[in-house]
Amino acid sequence: QVQLVESGGGLVQAGGSLRLSCAASGSIFSINSMGWYRQAPGKQRELVATINNGGNTNLVDSVKGRFTISRDVAKNTVYLQMNSLKPEDTAVYYCNAIINNGRYNGNYWGQGTQVTVSS
């Protein structure tokens, strides 16, 4: 019933910017939190950023000062604004959300979107 659809990935030069979007749809009563994970080749999946239902944000140290997570509550959409991109940001980025459908909390994942930063 609930799905997350990501968009905004692509190829960008080092120092450039990109904005990822993740729209949740379906039976949504409330969104507890949304966030972004990434996984680079040969590396563990890494939590990049989260935003909770109070609007509080957390970011991994490596992206602080460069990335911003935000959300449009009315659109059930979370964004990841990525500035000053570095080659080490290259990864598949996955949207994650903990969503209450009116009965239960569920943990949902987007399909992943490739971000490639060229040097």
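So, how was this worked out
- Residues numbered from 1 in each chain as written.
- Predicted model: local features only at pLDDT ≥ 70, side-chain atom pairs only at ≥ 80, totals over all residues.
- Heavy atoms only, no water.
- 1 Å grid on protein atoms, 1.4 Å probe; cavity = no way out; pocket = protein on both sides within 12 Å on 5 of 7 lines; lining within 4 Å.
- Points joined across faces, edges and corners; volume = space filled by probe spheres on them.
- Helix = DSSP H or I, 4+ residues; strand = E, 2+ residues; numbered from the N terminus.
- Nonpolar A, V, L, I, M, F, W, Y, C, P; charged D, E, K, R; others polar.
- Buried < 20%, exposed > 50% of the residue type's maximum accessible area, 1.4 Å probe, protein only.
- Pairing = 2+ DSSP bridges.
- Axes fitted to C-alpha atoms, helices over the stretch in contact; angles between N-to-C directions.
- Disulfide = S-S within 2.5 Å.

Undergrad: Go over the layout of surface pockets with me, naming the residues and quoting the values.
TA: Within this model, the largest pocket holds a volume of roughly 190 Å³. Ile31, Asn53, Arg71, Val73 and Asn76 are the residues nearest the centre of the largest pocket, which is lined by 15 residues in total. Elements supplying a minimum of two residues to the lining of the largest pocket: strand 4 (30-39), strand 5 (46-52) and strand 7 (67-72). The element contributing the most residues to the lining of the largest pocket is strand 4, with five residues. Here the lining of the largest pocket is composed, by residue class, of six nonpolar, seven polar and two charged.

Undergrad: Quick rundown of the side chain of Ser21? Include the residues and the values.
TA: By secondary structure assignment, the location of Ser21 is in strand 3 (residues 18-25). Under the relative-accessibility criterion, Ser21 is labelled buried at 17%.

Undergrad: Tell me what's going on with the sheet that holds strand 3, and back it up with residues and numbers.
TA: Strand pairing in a sheet is mediated by backbone hydrogen bonds. Such pairs are either parallel or antiparallel. Reading across the sheet, the four strands line up as 1-3-8-7 and stay open at both edges, with antiparallel pairing between neighbours. Each edge of the open sheet carries a strand with a single partner, namely strand 1 (3-7) and strand 7. Between one strand and the next, the sheet's axes are offset by a mean angle of 15°, whatever the strand orientation. For strand 3 and strand 8 (residues 77-82), the ladder comprises six bridges, and the chain directions are antiparallel. Considered in strand 8, the bridge of Ser21 is made with Tyr79.

Undergrad: Quick one: what's the story with the state of the cysteines, residue by residue and with numbers?
TA: A covalent bond bridging the sulfur atoms of two cysteines is what the word disulfide describes. The final tally for this structure, using the stated rule, is one disulfide. At a sulfur-sulfur separation of 2.0 Å, the disulfide partner of Cys22 is Cys95. Between Cys22 and Cys95, the disulfide has an S-S torsion of -85° and is therefore left-handed. Pair noted here: Cys22 is in strand 3 and Cys95 is in strand 9 (residues 91-100), with a separation of 73 residues, a long-range link. Each member of the pair, Cys22 together with Cys95, is buried.

Undergrad: Now, about unusual backbone geometry: what can you tell me, with residues and values included?
TA: Residues other than glycine seldom take positive phi values, yet Asn76 does so here, at roughly 50°. Locating Asn76 in the fold gives a position in the loop between strand 7 and strand 8. Taking the relative accessible area as the measure of exposure, Asn76 reaches 24% and is therefore partly exposed. Despite not being glycine, Ser84 has its phi angle at roughly 50°, a positive value. Along the chain, Ser84 turns up in the loop between strand 8 and strand 9. For Ser84, a relative accessible area of 40% translates into the label partly exposed.

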